[in-house]
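Architecture at a glance
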Amino acid sequence: MTTTSHAIASGTVLITGPTGGLGRVATLAMASRPADERPDLVLIGRLGVALDEVADAARATGATVYAVGCDLARLADVRGAAQQVRDLLATGAVRPLRALVANAGVSVIDTRRASADGYELTFAVNHLAHAQLIGDLSGSFTAPARVVLLGSNTYHQNIFRKILGVPPAHWRDPVELAQPGVGTQGGVAYSDSKLAILYYAHELQRHAPAGVQVSVFEPGFMPGTGITREMPAGVQRIMRAVQRIPGVSTPVKSGPMLASIVLDDRWAHLRDGAFVVKDRERELEPVAVDRAREARLWEATAELLGAAD
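Throughout what follows, the structure given in this document is the object of discussion. (Residues numbered from 1 in each chain as written. Predicted model: local features only at pLDDT ≥ 70, side-chain atom pairs only at ≥ 80, totals over all residues. Heavy atoms only, no water.)

1. Examining the pattern of salt bridges
According to the stated counting rule, one finds 15 salt bridges in the structure shown. Between E203 and R206 there is a salt bridge whose closest N-O contact spans 2.5 Å. One end of the pair is E203 and the other is R206, both in helix 8 (residues 186-207) and three residues apart, which spans about a single turn. Note that E294 is salt-bridged to R206, the shortest N-O span being 3.0 Å. Here E294, found in helix 11 (residues 291-308), pairs with R206, found in helix 8; they are 88 residues apart in sequence, far enough to count as distant. Given the relative accessible area of 1%, E294 is considered buried. Exposure remark for R206: the relative accessible area of 37% places this residue in the partly exposed category. (Salt bridge = Lys/Arg side-chain N within 4 Å of Asp/Glu carboxyl O. Helix = DSSP H or I, 4+ residues; strand = E, 2+ residues; numbered from the N terminus. Buried < 20%, exposed > 50% of the residue type's maximum accessible area, 1.4 Å probe, protein only.)

Shown next as structure tokens:
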């Protein structure tokens, strides 16, 4: 039987991308915990009906919930959202910040598309926005605390992903990865962003305040979710069909697993960017552990965020 960490549950969990798919299921799984195992929730997403609906559904369980409007493709929005979170903490509207879940993500086929700050959109949302948010809130955590980043095995290729045409990462300097329209296909940009998340997780742990533990969660292969919305219609139909294969992940299956990583004592040991695939800790491929790349990503991320401020 899984035991909730009362230290984490006695505080606040912030989650990005709570309005659909994995994020929505994980949010409601946390909200549905028994009262003494239920954290306060801060939901960061685009303002609109979907954000209102998930906030209302979470409140209906008895949870304390605040929805903070934010477009992660605008770093000014991210900085504003972080300030709103700091205000909620300072006024006591929510309990101390114990966890941050960087769940939101996109996969943009046309890498010429840029964020409001001029960065390639997939890299901007999947990595830069969360780096901004975590950096702005690094002094707001109350230990013990957890940062959970959303990873993907697409950072490297195996036979299954090769058959499906899912390309691996093609790493370059992060400043180059952030530039739109450099010829990289959308699938590679997504895989690059997920490799960046692994590198960032390792370096973040080296810089994190004492008592803040960093891990990376891979929900498993989830075809047919919102992340594939820009794929051709035929590919989307195939992905929806694949969903019916036994053992294939879905938000309904993986969402509670993400909630467990955030809240449960079983995972209290995770740190240093430990990589969990669904409900098992896994070793990373050698390409995903590189001190020089990790240090350069940290440095370049600061440069890119500073240039956009």
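Read on for the rest.
2. A few points about helix 2 (residues 21-31)
All of the buried residues in helix 2 are L22, G23, A26, T27, M30 and A31. End-on view of helix 2: buried residues confined to an arc of 160°, all on one side of the axis. In this structure, the buried residues of helix 2 make contact with strand 1 (12-16), strand 2 (40-45), helix 3 (49-59), strand 5 (141-150), strand 6 (212-218) and helix 10 (251-263). (Arc of directions from axis to C-beta. Contact = heavy atoms within 4.5 Å.)

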